[in-house]
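For reference, the chains in residue letters:
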Amino acid sequence: MAQSSVKSNAAKEPTAAQIAEQKIYRQMGVTEAEYELICGFLGRNPNYVEIGVFSVMWSEHCSYKNSKPVLRKFPVTGPRVLMGPGEGAGIVDIGDNQAVVFKIESHNHPSAIEPFQGAATGVGGIIRDIFSMGSRPIALMNSLRFGRLESERVKYLFEHVVSGIAGYGNCIGIPTVGGEVVFDEAYEGNPLVNAMCIGLINHDQIQRGVAKGVGNPVYYVGPATGRDGIHGATFASEELTAESEAKRPAVQVGDPFMEKLCLEACLELIASGNLVGIQDMGAAGLTCSSAEMAAKAGNGIELYLDEVPQRETGMTPYEMMLSESQERMLFVCTPEQEEAATAIFDRWGIICKKVGKVTDDGRLRLFHKGEQVADMPVQELTEACPTYNKPSKVPAYYEANASVDTTRYEEPADLQAVLEKLLDVPSIASKEWVYNQYDYMVRTGTVIGPGSDAAVVHVPGTRKALATSTDCNGRYVYLDPEMGGRIAVAEAARNVVCSGAEPLAITDNLNFGSPDKPEIFWQLTTSVDGMAEACRVLETPVIGGNVSLYNENTKGAIYPTPVIGMVGLIHDLDHITSQGFKAEGDAIFLIGETNVEFGGSEYQASIFNVVEGRPPVIDLAVEKTMQNALLGSIQAGLVQSAHDLSEGGLGVALAESCISGKRGASVSIESTLRADAVLYSESQSRVLVSTTQANAAAFAEAIGKAGVPIAQIGTVTGETLNVSINGASKIAAQVSKLQQIWKDAIPCRMA
Amino acid sequence: MRTAVLVFPGSNCDVDCYKAIEQTLGTPVEYVWHQETSLDGFDLILVPGGFSYGDYLRCGAIARFAPVMDAVKVAVERGAFVLGVCNGFQILLESGLLPGAMRKNTSLKFICQPQMLRVARNDLAFTAEYAVGEEINVPIAHGEGNYYCDEATLEELKANNQIVFTYAGTNPNGSVADIAGITNKQGNVVGMMPHPERAVSELLGSDGGKRMFTSVLNAWRERNGAVIG
């Protein structure tokens with residue numbers, strides 16, 4: 001192999017020869033075969049900077065090398081999709097030259113080590129993905145998983161993740177309008193922190209991160225680069241171990257104030273039209289942004305690293321290229337646009353520095369102190385990472401669960417006690433303790449804030465609104481990845497339908513264990529099969545997302561948790577519907593069919609302390625018919641309230657509609673099923689609806705005509721929730737008492 | 001009536017203030033950058049919420065040095081109406097335009113929630129359309145809204161009838177005397193932690209703050225001898 005013509009000027013760094021001999025690339029997660037490929041692309045052994053750059057670009061986090069073959073299964077197009085996966089975020093048309101931009105992203109590993117900054121920078125990163133498209137961010141969502149809310153460590157992680165999300169979102173002034181929080185021992189030591197951002201854009205403002213125009217200057221925007229977050233992308237692509245704590249320096253530190261300025265200045269730049277392309281510096285910072293921008297334009301980029309603003313002295317090219325210092329952007333403009341572009345950043349008081357230029361040679365070349373320190377082909381950096389079709393194997397637990405009879409549990413005598421216990425389960429209980437720390441109202445567009453099935457945000461200047469929900473039941477996916485994957489998408493769609501919206505599209509965050517384990521890879525690929533099928537049937541394509549693998553703790557992998565971030569369009573503000581009962585005397589309906597389905601249910605887990613068997617079955621065609629019929633009735637003005645039945649089944653849904661509406665209900669059900677199944681089975685495709693008495697008949701007819709099972713089960717009345725089954729009273733509880741249990745569950749554990 | 005909405009680096013309720021004026025009053029409204037040195041011609045000045053200068057050092061402590069704050073003082077002298085909300089209230093305290101200081105909420109956590117306020121006086125430009133003792137829903141969203149002043153200042157606030165709003169029900173942040181908003185002795189400067197600009201439409205959950213804007217418009221019309229429509 002030819003000797004390197006490129007010198008590294010950092011004396012302490014290993015030479016190209018030492019890297020080869022001592023196999024230093026292995027520590028960076030580069031395999032032998034990958035190393036050979038890289039040597040082939042360069043025609044020589046890579047030096048320290050080059051192997052560092054390749055290692056992050058070829059990490060799972062940046063290259064999706066383990067998940068790409070799986071991701072290809074998703075439907076990614078549709079009549080409304082303006083931009084699918086590949087850019088910073090996907091874009092969906094909402095009419096009138098407007099579009100919605102959204103994406104979800106994980107920050108699991110950093111949050112496990114440094115929860116406040118890990119969560120905060122997760123929020124910061126996803127916001128940059130949205131505004132780098134040229135879009136104004138209007139709402140934040142999240143999906144959080146922690147271990148059981150019992151140990152001091154879990155409480156610490158929970159408290160600081162929440163305050164990290166709050167600290168960033170509140171300061172930057174984007175409302176955190178909703179999300180989900182789940183506690184389960186499967187996430188002990190490996191919490192999941194997924195943040196989603198939603199923005200609005202006019203079609204003609206859509207930006208692409210391209211370095212077009214040979215000779216054009218490349219500008220660096222944002223705070224100076226420090227030594228934080230070096231190798232963050234690599235860190236995110238391996239399992240958490242006892243040594244992970246030592247990688248705390250791989251966690252970045254966020255500054256939402258700086259990002260607020262950066263956001264406003266970048267949107268002003270985009271509105272002014274004085275740029276060619278713009279991209280945020282996320283994972284793998286300067287490396288990834290420059291290589292991707294060059295690759296997308298079929299060009300090269302030269303960077304003059306002495307010009308990169310530096311927070312610390314003596315930073316090496318390796319450190320600058322791999323730093324994940326936050327709130328930085330890279331943009332390209334023409335020489336004619338330079339003056340106007342830089343003036344905008346000056347006004348906002350932000351560093352804006354020319355650090356390179358676009359070249360025609362397809363190379364990423366780095367210069368430092370008068371020398372060329374790296375020279376790499378950009379297409380190979382961004383596209384040539386091998387993809388792996390990992391071996392897949394059906395896990396033993398899945399086979400064993402086939403024969404588990406989930407109807408064998410003895411029905412408890414006191415079903416009201418069961419309800420009270422379920423309302424006290426932190427995953428079901430009120431999340432007010434969480435969301436009261438989030439400014440969910442800033443920008444004055446939040447019509448329905450946290451705590452209902454979906455959050456609803458007004459589209460300014462129109463009669464339209466967006467509904468959004470994040471969902472995944474990890475237990476279901478664990479017990480049956482295909483069914484669980486379908487249900488995750490269906491529930492997210494059902495949630496936005498319940499708020500009066502037409503489901504548009506999803507972003508997904510695939511949180512899984514190590515794909516190197518065949519059983520885990522099977523969970524990944526099988527759940528994607530289920531999700532993809534649901535996306536096709538429900539006509540909600542995947543417009544982007546994120547993959548987070550290697551989520552393991554000392555006990556093994558987390559539950560497979562493919563979180564769905566769904567966005568729906570509410571065509572008129574009058575259609576907005578929430579879950580709380582609205583008026584005394586309203587009729588209560590249950591739509592959908594109930595079966596005895598306890599597998600993976602909250603009832604099974606909390607009352608019988610097991611998670612076993614098969615999860616509920618979903619028929620996607622039935623789901624689609626139900627959602628269409630319900631949405632039609634909501635749009636026709638027939639519905640007062642609608643609430644999706646999910647964890648805790650009908651019992652919990654009734655309690656929540658009572659609590660949210662501050663009203664009681666009198667419910668009477670005739671059923672051939674056992675009473676605990678009527679109340680706590682988690683059969684799918686069911687919704688609890690209330691209508692005025694005047695609309696009750698029309699509603700029942702509209703739903704029935706579509707072939708969807710419907711039963712009027714009671715009326716909204718008084719201040720007590722009364723439920724009788726086959727004439728026997730099962731629940732007679734003051735709503736205020738249920739509310740107290742539900743509201744106190746988390747604060748009491750955190751006190 | 002011409003309204004200025006001040007914009008500091010890190011202001012984030014500026015848009016909401018602008019929208020509130022535009023949608024509830026429809027009168028002229030403009031953003032004014034923190035480096036401007038004059039507010040001549042503006043009748044109402046809104047100092048919006050947010051995190052000016054990242055709330056570094058102390059909430060509002062850096063914003064008070066912005067050139068536009070000297071212009072605010074000049075405008076106050078000539079009798080312009082000034083409303084500081086949340087971070088805007090903190091800035092008015094740091095500027096000395098209102099007495100007292102802010103501490104962290106007693107919970108030590110940021111609190112965002114609907115909030116009932118009691119109107120303490122309705123003889124001000126900003127509150128004329130409310131009844132004394134009326135309770136209104138105006139949301140809060142702050143980490144440092146725990147208003148503090150010493151005994152002597154509190155006595156003075158009471159003696160001069162400078163307390164405009166108090167929290168009804170549970171005090172969310174531990175403020176002295178349940179204070180949610182105060183005014184200066186002249187009554188043309190009001191600072192408050194709750195966000196009236198977020199409570200101008202039932203679509204957003206409450207319109208309890210709307211009358212603050214209609215009240216001040218009427219006060220301006222009366223002052224200028226305009227026909228009240």
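Cut-offs applied
Residues numbered from 1 in each chain as written. Chains lettered and ligands numbered in written order. Predicted model: local features only at pLDDT ≥ 70, side-chain atom pairs only at ≥ 80, totals over all residues. Heavy atoms only, no water. Helix = DSSP H or I, 4+ residues; strand = E, 2+ residues; numbered from the N terminus. Rg over C-alpha atoms; globule rule 2.2 N^0.38 Å. Buried < 20%, exposed > 50% of the residue type's maximum accessible area, 1.4 Å probe, protein only. Contact = heavy atoms within 4.5 Å. Areas by Shrake-Rupley, 256 points an atom, 1.4 Å probe, with all protein chains shown as cover. Lys, Arg positive; Asp, Glu negative; His and termini not counted. Charge placed at Lys NZ, Arg CZ, Asp CG, Glu CD. Pairing = 2+ DSSP bridges. Axes fitted to C-alpha atoms, helices over the stretch in contact; angles between N-to-C directions. Salt bridge = Lys/Arg side-chain N within 4 Å of Asp/Glu carboxyl O. Core = buried A, V, L, I, M, F, W, Y, C linked by side-chain atoms within 4.5 Å. Buried area = accessible area lost by both parts, 1.4 Å probe. Parallel < 35°, antiparallel > 145°, perpendicular 65-115°, else oblique. Nonpolar A, V, L, I, M, F, W, Y, C, P; charged D, E, K, R; others polar. pLDDT = per-residue confidence, 0-100. Phe/Tyr/Trp six-rings, centres within 6.5 Å; stacked < 30°, edge-to-face > 60°. Lys NZ or Arg CZ within 6 Å of the ring centre and 35° of its normal. Arc of directions from axis to C-beta. Left-handed = near helix turned anticlockwise from the far one by under 90°. Patch = residues over 30% accessible without salt bridge, like charges linked within 9 Å, V, L, I, M, F, W, Y side chains within 5 Å.

1. As for the overall build of chain B
Helix and strand content of chain B: five helices and 13 strands. Compactness check: chain B gives a C-alpha radius of gyration of 16 Å against a globular reference of 17 Å for 229 residues, within 12% of the reference. With the C-alpha coordinates of chain B rotated into their principal frame, the extents come out at 45 × 40 × 35 Å. The 229 residues of chain B split such that 61% are buried. Summarising the internal contacts of chain B: among those between residues at least 6 apart in sequence, 73% fall at separations of at least 24. Surface summary for chain B: the accessible area is close to 8500 Å², and the carbon and sulfur share equals 50%. Across chain B, the mean location of the 18 positive side-chain charges is 2 Å away from that of the 25 negative side-chain charges.

2. A short note on the overall build of chain A
A count of helical and extended segments in chain A gives 26 helices and 28 strands. What you see for chain A is a C-alpha radius of gyration of 26 Å, in line with the 27 Å of a compact globule of 751 residues. C-alpha extents for chain A along the principal axes are approximately 85 × 55 × 45 Å. Residue pairs at least 24 apart in sequence account for 85% of intrachain contacts in chain A once pairs closer than 6 positions are excluded. Computed over 59 positive and 90 negative side-chain charges, the separation of the two mean positions in chain A equals 2 Å.

3. Some details on the sheet that holds strand β16 (residues 465–471) of chain A
Residue and element names in this part refer to chain A. Taken together, six strands build an open sheet; the order of strands is β14-β15-β16-β21-β17-β18 and the sheet is mixed. In the strand order of this sheet, the two ends are held by β14 (446–448) and β18 (542–548), each with one partner. Going across the sheet, the axis of each strand differs from the next one's by a mean of 25 degrees, ignoring polarity. The sheet contact formed by strand β17 (residues 502–511) and β18 spans five bridges and is parallel.

4. Describing the sheet that holds strand β2 (residues 90–95) of chain A
Residue and element names in this part refer to chain A. Within the open sheet, the six strands sit side by side as β1-β2-β3-β6-β4-β5. Their pairing is mixed. With one partner strand each, in any of the chains shown, β1 (81–83) and β5 (176–183) form the two edges of the open sheet. Neighbour to neighbour, the strand axes of the sheet diverge by 25 degrees on average, direction disregarded. The sheet contact formed by β2 and strand β3 (residues 98–106) spans five bridges and is antiparallel. Its bridge partner lying in β3, G90 is registered against F102. In the packing of helix α7 (residues 115–131) onto the sheet, contacts are made with β3, β4 (136–146) and β6 (192–202), and the angle to β6 comes to roughly 25 degrees.

5. A closer look at the pattern of salt bridges
Residue and element names in this part refer to chain A. Inspection of the entire model under this criterion finds 51 salt bridges over all chains. E34 is the partner of K65 in a salt bridge, and the nearest nitrogen-oxygen pair spans 3.1 Å. Of this pair, K65 sits in the loop between α4 (60–63) and α5 (68–71) while E34 sits in helix α2 (residues 32–42), and the two are 31 residues apart along the sequence. Across the pair, exposure class does not vary: K65 and E34 are buried alike. One network of salt bridges, in which partners are shared, links K103, E105 and D129.

6. What about the environment of A492 of chain A?
Structurally, the position occupied by A492 of chain A is in helix α19 (residues 481–498). A492 of chain A gets classed as buried once you look at its relative accessible area, which sits at 0%.

7. Considerations on the nonpolar core
Core analysis: the largest hydrophobic core is formed by 143 residues, its most contacted members being F158 and F331 of chain A together with L6, F8, L39 and I45 of chain B. No other element matches the 10 residues that helix α8 (residues 152–172) of chain A contributes to this core. Apart from the residues within four sequence positions on either side, L39 of chain B is in contact with A4, L6, V32, I45, V68, A71, V72 and R78 of chain B. Counting 66 residues, the second largest nonpolar core, distinct from the first, contains V100, M141, I506 and Y550 of chain A.

8. Some thoughts on the interface of chain A and chain B
Counting from both sides, the interface comprises 26 residues of chain A and, opposite them, 26 residues of chain B. Interface area, chain A with chain B, both sides summed: about 2200 Å², of which 61% is carbon and sulfur. The tally of links from chain A across to chain B stands at two salt bridges. A salt bridge links D439 of chain A to R198 of chain B, with the nearest nitrogen and oxygen atoms 2.8 Å apart. In terms of residues, the side of chain A that touches chain B owes the most to one element, α8 of chain A, which gives four residues.

9. Observations regarding the pairing of β3 of chain A
Residues and elements named next belong to chain A. With nine of its nine residues buried, β3 lies for the most part within the structure. Counted between consecutive antiparallel strands, the loop separating β2 from β3 contains two residues, among which D96 sits at a positive phi close to 55 degrees. Summarising the sheet, β3 and β6 pair through nine bridges and their orientation is antiparallel. By the bridge assignment for β6, F102 is matched with I198.

10. Looking at the packing of α19 of chain A against helix α22 (residues 620–635) of chain A
Residue and element names in this part refer to chain A. Look at α19 against α22: their axes get within 10 Å of each other, and the N-to-C directions meet at 10 degrees. Here α19 lies roughly parallel to α22, going by the angle between them. Note on element contacts: α22 touches α19 through L620, E623, M626, Q627, L630, L631 and I634, opposite R486, A490, A493, R494, V497 and C498. Its residues placed into classes, the contact of α19 with α22 shows nine nonpolar, one polar and three charged.

11. Some thoughts on the confidence of the model for chain A
Put simply, chain A has an average pLDDT of 95, and 96% of its residues get 70 or more. Contacts from residues 1–5 of chain A, a stretch scored under 50 in pLDDT, to residues over four places away or in other chains number 11 contacts.

12. A word on the packing of aromatic side chains
Counting across every chain of the model gives 26 aromatic pairs over all chains. In textbook terms, an aromatic cluster arises when at least three aromatic residues are bridged by ring pairs, as seen for Y409, F598, Y603, F608 and Y680 of chain A. Note that R347 of chain A overlies the ring of W33 of chain B, its terminal NZ or CZ placed 4.0 Å from the centroid.

13. Regarding the side chain of S606 of chain A
In this structure, S606 of chain A sits in helix α21 (residues 602–607). Those residues in contact with S606 of chain A that sit more than four places away from it in its chain are K421, L422 and V425 of chain A.

14. Let's talk about α2 of chain A
Since there are 3.6 residues in each turn of an α-helix, residues three or four apart along the chain are aligned in direction. Residues and elements named next belong to chain A. Three or more residues of α2 are buried, namely E34, Y35, I38, C39 and L42. Looking straight down α2, one finds that the buried residues subtend no more than 140 degrees of arc, so they occupy a single side. Exposed side of α2, more than 90 degrees from the buried face: A33 and G40 are the residues found there. Close packing links the buried residues of α2 with α1 (16–21), α3 (48–57) and β13 (371–377). Immediately downstream of α2, the backbone of G43 shows phi near 75 degrees, a positive value.

15. Regarding the packing of α22 of chain A against helix α25 (residues 693–705) of chain A
Residues and elements named next belong to chain A. With their axes 9 Å apart at the nearest point, α22 and α25 run at an angle of 150 degrees to one another. Comparing the axis directions of α22 and α25 gives the class roughly antiparallel. Of the two elements, α22 crosses α25, and the hand of that crossing is right-handed. Across the interface between the two elements, A629, L630 and S633 from α22 touch F699, A702 and I703 from α25.

16. Comments concerning a nonpolar patch on the surface
Residues and elements named next belong to chain B. On the surface, a nonpolar cluster with roughly 320 Å² of combined accessible area is contributed by Y56, L57 and I62. Note that I62 resides in the loop between β3 (44–47) and α2 (67–77). Accessibility expressed as a relative area gives 31% for I62, which makes it partly exposed.

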